[in-house]
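What the coordinates show
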Amino acid sequence: MKRAALTLVTPPFAVCKFGCAGCCAAPIGVFWITGMVAIGYGIVGGPAHLMGPSWSTVGLGLGLWAIASVWAAITIRSTGDEKCTGRKNQLCDRIVGTDESDPFDEVRKAR
C-alpha cells in the first residue's frame, strides 16, 4: 500500500526508493513538477487570465501528473528486487537521503 500511495503522490521519490532505475527519476520529476505548476496556474486563471479557474490547464496538469505516476509504476514494476541488489545511484542517494555521514566531519577535516 505504501508503494502505491507513494507512486501516486510523489512519483520521483517512489522510483528512487523502490526501483533501481534512477535515470528515470529526473524525467519523471520534470513531468510531476510541471503537472503541479500547471494545476496551480490553472486554479488562478491560467494563460487566459480568467476570473475563475482554467479547467483545461488544470486538466493538463492532472494529465501530466498521471503520466508521471504511470511511468513511475511501470519503472518500479519492471525492476525486480534481485536486479537492484548492490546497485547505487548518486541522484537517488541525494534525493532519498541515504547518506549517513556527519557533515561536521568535513568541517573538522578542513581545519
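Calculation notes
Per chain, the residues get numbers from 1 upward, laid out in the order the sequence is written. Note on the predicted model: pLDDT of at least 70 is required for a residue's local features to be given, and 80 or more for side-chain atom pairs to be given and counted; whole-chain, interface and lining totals, by contrast, use all residues. Where side-chain values are given, they derive from all heavy atoms of the structure, hydrogens and water being excluded. Distance thresholds for patches are 9 Å for like charges and 5 Å for nonpolar side chains (Val, Leu, Ile, Met, Phe, Trp, Tyr), applied to residues having over 30% relative accessible area and no salt bridge. Only the protein chains shown count as cover for residues, with accessible areas throughout obtained via the Shrake-Rupley method and a probe of 1.4 Å. Only one rule defines a salt bridge in this text: a Lys or Arg side-chain nitrogen within 4 Å of an Asp or Glu carboxyl oxygen. Note on conventions: DSSP H or I runs of at least 4 residues are helices, E runs of at least 2 residues are strands, and numbering of each starts at the N terminus. Classification of residues uses two cut-offs on accessible area relative to the type maximum, computed with a 1.4 Å probe and protein chains only: under 20% is buried, over 50% is exposed, and between them is partly exposed. A fitted line through C-alpha atoms serves as each axis, taken over the contacting stretch for helices, and the angle formed by two N-to-C directions is quoted from 0 to 180°. Here is the rule for angles: anything less than 35 degrees is roughly parallel, anything more than 145 is roughly antiparallel, 65 through 115 is roughly perpendicular, and the remaining ranges are oblique. Handedness of each helix crossing follows the sense of rotation of the near helix against the far helix: counterclockwise by less than a right angle gives left-handed, clockwise gives right-handed. Should any heavy atoms of two residues lie within 4.5 Å, those residues are considered in contact. Asp, Glu, Lys and Arg are counted as charged, while Ala, Val, Leu, Ile, Met, Phe, Trp, Tyr, Cys and Pro are counted as nonpolar; the rest, among them Gly, fall into the polar class. Here, expected helix span is obtained from the residue count minus one, scaled by 1.5 Å. pLDDT expresses how confident the predictor is about each individual residue, on a scale running from 0 to 100. Aromatic contacts are taken between Phe, Tyr and Trp rings whose centres are within 6.5 Å, Trp giving its six-membered ring; a plane angle under 30 degrees counts as stacked, one over 60 as edge-to-face, and the others as tilted.

The next thing to look at is a nonpolar patch on the surface. There is a patch of nonpolar side chains on the surface, built from Ile33, Met36 and Val37 and spanning about 260 Å² of accessible area. With respect to the element layout, Ile33 can be found in helix α3 (residues 25-43). Classification of Ile33 by relative accessible area gives partly exposed; the value is 46%.

Another aspect to go through is the packing of helix α2 (residues 11-18) against α3. With their axes 8 Å apart at the nearest point, α2 and α3 run at an angle of 160 degrees to one another. Considered as vectors, α2 and α3 are oriented roughly antiparallel to each other. Crossing hand, α2 versus α3: right-handed. Of the residues in α3, those touching α2 at Pro11, Pro12, Phe13, Val15 and Cys16 are Ala25, Ile28, Gly29 and Trp32.

Our focus in this paragraph is unusual backbone geometry. A positive phi angle, close to 55 degrees, is found at His49, a residue other than glycine. You can see His49 is positioned in the loop between α3 and α4 (55-78).

The next subject is the packing of α2 against α4. Two measures define how a pair of helices packs: the angle their axes make with one another and the distance between the axes. Running from N to C, α2 and α4 point in directions that differ by 5 degrees, and their axes come no closer than 9 Å. Taken together, the axes of α2 and α4 are roughly parallel relative to one another. Across the interface between the two elements, Pro11, Ala14, Val15 and Phe18 of α2 pack against Trp65, Ala68, Ser69, Ala72, Thr75 and Ile76 of α4. Partitioning the contact of α2 with α4 into residue classes produces eight nonpolar, two polar and no charged.

Taking 1.5 Å of rise per residue, the 24 residues of α4 would be expected to cover 34 Å, and the 34 Å separating its terminal C-alpha atoms lies within 8% of that figure. Taken together, the buried positions of α4 are Thr57, Val58, Gly61, Leu64, Ala68, Ser69, Ala72, Thr75 and Ile76. On its buried side, α4 packs onto α1 (2-9), α2 and α3.

So, about the confidence of the model for the protein chain. Taken residue by residue, the protein chain gives an average pLDDT of 82. The fraction at 70 or more is 76%. Model confidence for the protein chain, summarised as mean pLDDT per element, is weakest for helix α5 (residues 81-84) at 55 and strongest for α3 at 93.

Time to look at the packing of aromatic side chains. The description of two aromatic rings rests on the distance between their centres and on the angle between their planes. Throughout the structure, instances matching the rule amount to three aromatic pairs. An angle of 80 degrees between the planes, with centres 6.1 Å apart, marks the rings of Phe13 and Trp32 as edge-to-face. Residue Phe13 is located in helix α2, and its partner Trp32 is located in helix α3; the two are separated by 19 residues in the primary sequence. With a centroid separation of 5.8 Å and 80 degrees between ring planes, the pair formed by Phe31 and Trp71 is classed as edge-to-face. Within this pair, whereas Phe31 is found in helix α3, its partner Trp71 is found in helix α4, the two being separated by 40 residues in sequence. Counting every residue linked through ring pairs, the aromatic cluster contains Phe13, Trp32 and Trp65.

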